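Summary of structural features
Each chain is listed here by its residues.
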Amino acid sequence: MPDAAIDTQRMEKIVSLCKRRGFIFQGNEIYGGLNGVWDYGPLGVELKRNVKDYWWRVIVRERDDVVGLDGAILTHRAALKASGHEDTFSDPMVDCRTCKARLRADQLPEKNGVNQCPNCGGRDLTEARPFNLMFSTQLGASADPDSIAYLRPETAQSIFVQFKNVLDTARKKLPFGIAQIGKAFRNEINPRNYIFRSREFEQMELEYFCRPEQGLELLDYWLEERLKFYENIGIGRDKLHVLTVPDADRAFYSKGTYDIEYAFPFGMQELEGVAYRTDYDLKQHQTASGKPLDYFDEETKARFIPHVIEPSAGVDRTVLALLCEAYDEETVTDDKGKTEVRTVLRFHPRIAPIKAGIFPLLKNQPELVTKAREVQALLRPLMNVFYDETGAIGRRYRRQDEVGTPFGITIDFETLGERDPALRDTVTLRHRDSMEQERIAIADLPERLSRQIR
Ligand code: GAP
């Protein structure tokens with residue numbers, strides 16, 4: 001592990017690249033920024049969408065036993081009272097009496113065994129008190145306590161609340177899951193580490209319902225599935241650490257929890273939790289609502305509340321891990337012997353925001369431009385491609401390397417068949433990581449590239 005200074009530098013380079021190339025911007029930047037809120041730019045939204053699409057594909061579309069849900073963000077107060085969020089979803093907070101900063105009590109730096117304010121170094125801190133992380137709002141025009149609603153702090157609760165509706169309409173038998181991707185909101189006391197801990201973020205959550213006796217086995221099954229997912233988007237198992245959450249740190253209702261952690265430049269931190277939540281949530285909602293949320297087993301004729309395994313991942317944290325994993329700088333030597341540092345995002349082609357750059361060798365040659373536009377039209381329905389005709393070809397390659405585009409397609413005079421008729425309608429295909437180039441027929445591009453990005 002590099003020392004802290006180098007890590008900070010790496011993180012700064014990633015943040016700077018993300019802004020410069022349009023991945024991520026500070027929310028409301030022109031008004032001074034909104035702390036803990038981020039906007040995804042043209043490339044960031046593609047990257048994020050590819051992550052969510054792949055998750056949805058492997059968790060929902062490619063399985064018989066999982067269905068999807070898109071629940072509302074505004075949530076009934078009673079639901080979040082029943083789930084325990086209204087009373088206990090809080091972090092311990094202290095105030096610094098010197099600089100008035102509000103701080104998370106469990107993240108304070110210590111000096112000689114005494115807690116310090118990370119802003120001013122002051123030691124005059126208040127006692128810790130709980131600060132509820134939920135954002136509340138008001139539904140309708142009246143301001144009475146009954147009009148309070150919350151912005152959901154996790155996507156999971158709408159899955160539990162709609163359990164019966166989904167069960168009745170999707171006609172699934174245990175074990176089966178309900179999956180959801182969507183926004184969640186937490187009024188974090190100290191949002192930090194870029195998009196790692198923010199106040200508005202997205203989750204990809206699966207609630208996988210099962211019989212009580214299947215719980216522990218399915219917990220391990222889902223941990224394995226989730227590790228495969230990260231491997232398939234370019235974060236190998238050797239880059240992840242699985243923490244078995246100790247009994248004392250688990251929620252009281254959980255019979256087992258794993259945290260999947262990634263070595264971010266600012267330290268080993270949680271990417272996803274895989275938790276066996278037993279029947280806690282459905283039981284709570286059944287008791288509070290008075291509506292049955294049980295399951296009727298046709299074979300045994302028994303009624304019971306299913307247990308649940310919950311793999312819960314953060315979209316933004318996955319995006320950040322992918323950026324950290326992909327970022328690379330290498331020294332390369334050009335044809336004239338000149339060396340330069342090439343910045344490259346080595347994204348897996350599956351999640352790269354742009355799959356191929358399309359370059360006519362010269363922009364003032366109409367035949368080259370027309371052909372390049374034809375290649376663009378051929379590939380566009382299949383993948384996100386980027387047409388670029390400005391600047392030297394080497395510079396165009398570098399610009400795409402920097403945003404992680406795995407393929408470069410150059411349309412040159414050989415494509416027009418001017419030098420060798422056998423090469424008519426072929427192009428140069430350049431590979432981002434090796435920088436190797438090969439000749440390929442335009443007609444073969446759709447199949448060849450589609451296979452690699454799927
Ligand atoms: N339903 C369970 C649940 O929400 P969690 O550990 O609080 O569990 C799950 O959150 C995942 O959501 C985390 O592993 C993380 O990836 C993401 N997440 C949680 N809080 C976040 C925040 N403030 N900013 C960004 N991502 C967050």
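These numbers were taken from a predicted model, which means no experiment stands behind them.

Here we look at the nonpolar core
Ranked by internal contacts, the top residues of the largest apolar core, which has 58 residues, are Phe23, Tyr230, Leu323 and Phe347. Looking at this core, the element that brings in the most residues is helix α9 (residues 315-326), giving 8 residues. With residues up to four places along the chain from it excluded, the contact list for tyrosine 230 reads Ile235, Leu240, Ile260, Leu271, Glu272, Ala313 and Thr318. Listed in part, the 22 residues of the second largest apolar core include Leu379, Met383, Leu429 and Leu449.

Considering the sheet that holds strand β6 (residues 102-104)
Strand pairing in a sheet takes place through backbone hydrogen bonds and is either antiparallel or parallel in direction. Strand order in the open sheet formed by 3 strands is β6-β5-β9, with antiparallel pairing between adjacent strands. Two strands bound the open sheet, and with one partner strand each, they are β6 and β9 (129-132). Ignoring strand direction, the axes of neighbouring strands in this sheet form an average angle of 50°. Sheet topology places strand β5 (residues 90-95) next to β9; 4 bridges connect them, and they run antiparallel. Bridged to proline 92 within β9 is proline 130.

Some details on helix α6 (residues 163-170)
Taken as a whole, α6 has its buried residues at Phe163, Val166 and Leu167. On an axial view of α6, the arc spanned by its buried residues comes to 100°, and they lie on one face. Turning to α6, the residues buried within the fold contact β3 (66-68), α5 (156-161), β12 (176-185), β13 (200-210), α8 (280-289) and β17 (295-297). Arginine 171 lies just past α6 and shows a positive phi near 50°.

Structural notes on the packing of helix α10 (residues 366-379) against helix α12 (residues 445-453)
Each pair of packed helices can be described by the angle between their axes along with the distance between the axes. Taken N-terminus to C-terminus, the directions of α10 and α12 make an angle of 50°; their axes are 10 Å apart at the nearest point. As far as their axial angle goes, α12 and α10 are oblique. Handedness of the α10/α12 crossing: right-handed. Counted together, Val375, Leu378 and Leu379 of α10 and Leu445, Pro446 and Leu449 of α12 form the full contact between these two elements.

Notes on the pairing of strand β11 (residues 148-151)
When strand β4 (residues 74-76) meets β11, the two strands line up antiparallel, connected through 3 bridges. Paired with leucine 74 across the strands is leucine 151, a residue of β11. Pairing geometry for strand β10 (residues 136-138) and β11, over 3 bridges, is antiparallel. Counterpart to threonine 137 in the pairing with β11 is alanine 149.

Things to note about the pattern of salt bridges
One side chain can pair with another of opposite charge once the charged atoms of both are near each other. Scanning the model with the defined rule gives 49 salt bridges in all. With a shortest N-O distance of 3.1 Å, aspartate 87 and lysine 81 are connected by a salt bridge. A salt bridge links arginine 237 to glutamate 224; the shortest N-O distance between them is 2.9 Å. With a gap of 13 residues between them, arginine 237 in the loop between α7 (215-232) and β14 (240-244) and glutamate 224 in helix α7 connect regions that are remote in the sequence. With relative accessibility at 31%, the residue arginine 237 sits in the partly exposed group. Overall, the relative accessible area of 33% leaves glutamate 224 in the partly exposed class. Among the charged side chains, a network of salt bridges with common partners joins Asp328, Glu330, Glu340, Arg342, Arg346, Arg398, Asp401, Arg430, Arg432 and Asp433.

Calculation rules
Residues numbered from 1 in each chain as written. Predicted model: local features only at pLDDT ≥ 70, side-chain atom pairs only at ≥ 80, totals over all residues. Heavy atoms only, no water. Core = buried A, V, L, I, M, F, W, Y, C linked by side-chain atoms within 4.5 Å. Buried < 20%, exposed > 50% of the residue type's maximum accessible area, 1.4 Å probe, protein only. Helix = DSSP H or I, 4+ residues; strand = E, 2+ residues; numbered from the N terminus. Contact = heavy atoms within 4.5 Å. Pairing = 2+ DSSP bridges. Axes fitted to C-alpha atoms, helices over the stretch in contact; angles between N-to-C directions. Arc of directions from axis to C-beta. Parallel < 35°, antiparallel > 145°, perpendicular 65-115°, else oblique. Left-handed = near helix turned anticlockwise from the far one by under 90°. Salt bridge = Lys/Arg side-chain N within 4 Å of Asp/Glu carboxyl O.

Function cannot be read off these values alone, since they describe shape.
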